[in-house]
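# Structural overview
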Amino acid sequence: MVGEWGNSVRWCYRGRPRCHRRWRRCGKRRAPAGNHCRLNEPAYQRPSRVNSMRTVAQLQVLREGVKPTIPTRAWHRIQERIRHPALRRGIARFIASVRPRGVSSASPALNELFARGIVTFPKFISDESVLELRDALKALPCFDPWAKELGEFSHENIPSRTHVAQIRLAPCVGLLHDLASDPRILDLAAGYFGCRPYLDSIQAWWSLSGHDQAEEAENFHRDNDSIRFLKFFIYLTDVGEVNGPHVYVAGSHTSGKLLERRRLTDEEVREAFGSDVLCMTGRAGDAFIEDTYGIHKGQLPMAGRRLLVQFRYSLTETIFRSPVIVAGSLQNATDAMISLIHDR
Ligand SMILES: O=C(O)CCC(=O)C(=O)O
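Residues numbered from 1 in each chain as written. Predicted model: local features only at pLDDT ≥ 70, side-chain atom pairs only at ≥ 80, totals over all residues.

## Thoughts on the overall build of the chain
Summing up its helical and strand segments, the chain has 10 helices and 14 strands in all. Looking at the chain as a whole, 45% of its 344 residues qualify as buried. In the chain, of all internal contacts separated by at least 6 residues, the share reaching a separation of at least 24 is 85%. (Helix = DSSP H or I, 4+ residues; strand = E, 2+ residues; numbered from the N terminus. Buried ≥ 20, exposed ≤ 12 C-beta atoms within 10 Å, placed from the backbone. Contact = placed C-beta atoms within 7 Å.)

Next comes the structure, spelled out in structure tokens:
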């Protein structure tokens, strides 16, 4: 699959000197130390604050089947039709101006998020935390979001036709809540939105190999979750070029190209954006935060399987909000975010 991108992926991923040239050409600021496209060469690495020796607590489910409100659904229908990034940004600024202030500081990471739509956090969590999270998630049942009739199954028994096996009760995994309220992430989200972010959902899923054709989000697309939102991804398995890496078109979050609400072909994206394609290979524990209004996909895995978690932060509640509400504390993050997953 990577081969289909030819040099476009390779420059970004392996071509450190060319990467630096590109930074200079774009002229916005100096490149951070290292290759900013690689998850294992840190731009903004700091020690993880998650205590690696703790046991992963299972949080109690207080409510299930929570639905978005009617105003949320109505607003969704409107905002998804507003396509131009500049107009979306203007409306988002207005909404942020009447929302509670967040906790944020100017930083190179925030500048990078504005400019490129993505910031990487290599080794965001320790190997021990990866193991604990993986074990906790493996204990939970999965379902196929595109074939709900298959019901629930274990990660060891995933039906052969399933591309993506979601873990419905992922919000119950205590350690994920510590990660969701990590100050580095909340700081970026508040700075990006200009106000206190909503933590809208915590999701986890396996991406499976063994299929010939890309399906749904394995094709390029823009997300329309909200007028302004970010997704924070953490890999819980090593992800090489054949294991279904996440792929992102850097800078496409502010571009007026390919704004249609539909899946896009690789050829269309290559033609419109040339080589600005980041193929996010990395190790278990690596993470990145991304404005997925920018063009992206989870590439169809050719081998193995990928486990990842995704946190959605948004300016407003989305129609995709977590249907599960759990008992748990926000670790003093109540000034920094509004959680739709906790009982408030
Ligand atoms: O699985 C991935 O890497 C991509 C997920 C995706 O496309 C999405 O969350 O919108």
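## Some details on the sheet that holds strand β11 (residues 296-298)
Spatial ordering of the open sheet is given by β9-β8-β11, a layout of 3 strands whose pairing is antiparallel. Either end of the sheet is taken by a strand with one partner, and the two such strands are β9 (277-280) and β11. Between one strand and the next, the sheet's axes are offset by a mean angle of 15 degrees, whatever the strand orientation. Judged from the 3 bridges that link them, strand β8 (residues 246-249) and β11 form a sheet pairing that is antiparallel. (Pairing = 2+ DSSP bridges. Axes fitted to C-alpha atoms, helices over the stretch in contact; angles between N-to-C directions.)

## Notes on the site of the ligand
With respect to spatial proximity, the complete set of residues near the ligand consists of S207, A217, D223, K231, H246, T292, H296, K297, G298 and Q310. Looking at which element gives the most residues to the shell around the ligand, the answer is β11, with 3 residues. For the shell around the ligand, a count of residues per class yields 1 nonpolar, 6 polar and 3 charged. (Near = placed C-beta within 6 Å. Nonpolar A, V, L, I, M, F, W, Y, C, P; charged D, E, K, R; others polar.)

## Let's talk about the environment of N111
With respect to the secondary-structure elements, N111 resides in helix α6 (residues 108-116). Here N111 falls in the partly exposed class, since 14 other C-beta atoms lie within 10 Å of it. Spatially, the C-alpha atoms of N111 and G191 are 9.6 Å apart, while their sequence positions differ by 80 residues.

## Structural notes on the pairing of strand β7 (residues 229-235)
Taken across its 7 residues, β7 has 7 buried, putting it largely inside the fold. Pairing between β7 and strand β12 (residues 305-314): 7 bridges, direction antiparallel. Paired with I234 across the strands is V309, a residue of β12. Direction of pairing for β7 relative to strand β10 (residues 287-290): antiparallel, over a ladder of 4 bridges. Looking at the pairing, I234 lines up with A287 of β10.

## Concerning the nonpolar core
One finds A189, I234, L236 and L308 to be the most contacted residues of the largest nonpolar core, which totals 78 residues. Those residues in contact with L308, other than ones at most four positions away along the chain, are A204, W205, F233, I234, Y235 and L236. (Core = buried A, V, L, I, M, F, W, Y, C linked by C-beta atoms within 7 Å.)

## A few points about unusual backbone geometry
We note that E216 has phi near 45 degrees; this positive angle belongs to a residue other than glycine. Non-glycine residue L258 carries a positive phi angle of around 50 degrees. Residue placement: L258 occurs in the loop between β8 and α10 (266-273). Look at L258 and you get partly exposed, because 18 C-beta atoms sit within 10 Å.

## Here's the deal with the confidence of the model for the chain
Averaged over all residues, the pLDDT of the chain equals 85, while 82% of them reach at least 70. In this model, residues 1-38 is a region of pLDDT below 50 whose contacts with residues beyond four sequence positions or in other chains number 46 contacts. For residues 40-54, every residue scores under 50 in pLDDT, and the model assigns this stretch 33 contacts once sequence neighbours within four places are set aside. (pLDDT = per-residue confidence, 0-100.)

## Remarks on helix α9 (residues 183-193)
Judged by how many residues are buried, α9 sits mostly within the fold: 8 of 11 residues are covered. Of all the residues in α9, the buried ones are I185, L186, L188, A189, A190, G191, Y192 and F193. Along its buried surface, α9 packs onto α5 (85-97), α6, β2 (118-121), β7, β10 and β12. Of the residues trailing α9, G194 is marked for its positive phi of about 80 degrees.

## Structural notes on the packing of α6 against α9
The N-to-C vectors of α6 and α9 enclose an angle of 50 degrees; their axes lie 10 Å apart at closest approach. If you check the angle between α6 and α9, you find them oblique. Considering the relative orientation of α6 and α9, their crossing is right-handed. Along its contact with α6, which presents A109, L110 and L113, the element α9 presents L188, G191 and Y192. (Parallel < 35°, antiparallel > 145°, perpendicular 65-115°, else oblique. Left-handed = near helix turned anticlockwise from the far one by under 90°.)

## Digging into the environment of S252
Along the polypeptide, S252 turns up in the loop between β8 and α10. The residues touching S252, leaving out its near neighbours within four places in the chain, are G117, F273, G294 and I295.

## Focus on the environment of T281
Within the secondary structure layout, T281 lies in the loop between β9 and β10. Judged by the 23 C-beta atoms lying within 10 Å of it, T281 is buried. Separated by 37 residues in sequence, T281 and G244 have C-alpha atoms that sit 8.5 Å apart.

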